[in-house]
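Observations on the three-dimensional arrangement
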Amino acid sequence: LLDPYVTVSVDQVRVGQTSTKQKTNKPTYNEEFSATVTDGHQIELSVFHDTPIGYDDFVANCTLHFQDLLRSAGPSDSFEGW
């Protein structure tokens, strides 16, 4: 079992980090982060395992390009609350 947390970065600048969930492979966070992005290209979500000693272990990541999100959004869609 992992002690996972997620970092949120926009264009390689960290804008947030979730709390660490203890001993689970299926964490639920329901946490919010707010960042003003005026000319952003991508958002990256990275999962790490919190280790007691040394560097935390990288688990996985996902990169979403804002341009792809804009193309798939309808004219009335908003990213507010996404």
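Residues numbered from 1 in each chain as written. Predicted model: local features only at pLDDT ≥ 70, side-chain atom pairs only at ≥ 80, totals over all residues. Heavy atoms only, no water.

Things to note about the overall build of the chain
Along the backbone of the chain there are one helix and four strands. Ordered by position from N to C terminus, the α and β elements of the chain give β-β-β-β-α. Residue burial in the chain is summarised as follows: out of 82 residues, 23% are buried. Within the chain, contacts between residues at least 6 apart in sequence are counted, and of these 37% link residues at least 24 apart. Per element, the accessible surface of the chain, about 6,400 Å² overall, is 50% carbon and sulfur. (Helix = DSSP H or I, 4+ residues; strand = E, 2+ residues; numbered from the N terminus. Buried < 20%, exposed > 50% of the residue type's maximum accessible area, 1.4 Å probe, protein only. Contact = heavy atoms within 4.5 Å. Areas by Shrake-Rupley, 256 points an atom, 1.4 Å probe, with all protein chains shown as cover.)

Things to note about unusual backbone geometry
The phi torsion at aspartate 11 lies on the positive side, around 50 degrees, for a residue other than glycine. Within the element layout of this structure, aspartate 11 appears in the loop between strand E1 (4-10) and strand E2 (13-17). A relative accessible area of 28% means that aspartate 11 is categorised as partly exposed. Even without being glycine, lysine 23 reaches a positive phi, approximately 45 degrees. With respect to the secondary-structure elements, lysine 23 resides in the loop between E2 and strand E3 (42-49).

Topic: the sheet that holds E2
An order of E2-E1-E3-E4 is seen for the four strands of this open sheet, with the pairing classed as antiparallel. The open sheet has two edge strands with one neighbour each: E2 and strand E4 (57-65). Each adjacent strand pair in this sheet contributes to an overall mean axis angle of 25 degrees, direction not counted. Pairing of E1 with E2 involves four bridges; the strand directions are antiparallel. Note on E2: the bridge partner recorded for threonine 7 is glutamine 17. (Pairing = 2+ DSSP bridges. Axes fitted to C-alpha atoms, helices over the stretch in contact; angles between N-to-C directions.)

A closer look at the side chain of threonine 24
Of note, threonine 24 is situated in the loop between E2 and E3. Here lysine 26 takes part through its backbone nitrogen, which lies 3.0 Å from a polar atom of the side chain of threonine 24. Aside from chain neighbours lying at most four places away, what touches threonine 24 is Leu1, Leu2 and Pro4. (Polar contact = N/O pair within 3.5 Å; in protein donor to acceptor, adjacent residues only side chain to side chain.)

A few points about the pairing of E3
Both E1 and E3 contribute to a ladder of seven bridges, which runs antiparallel. Looking at E3, one finds that tyrosine 5 is bridged to phenylalanine 48.

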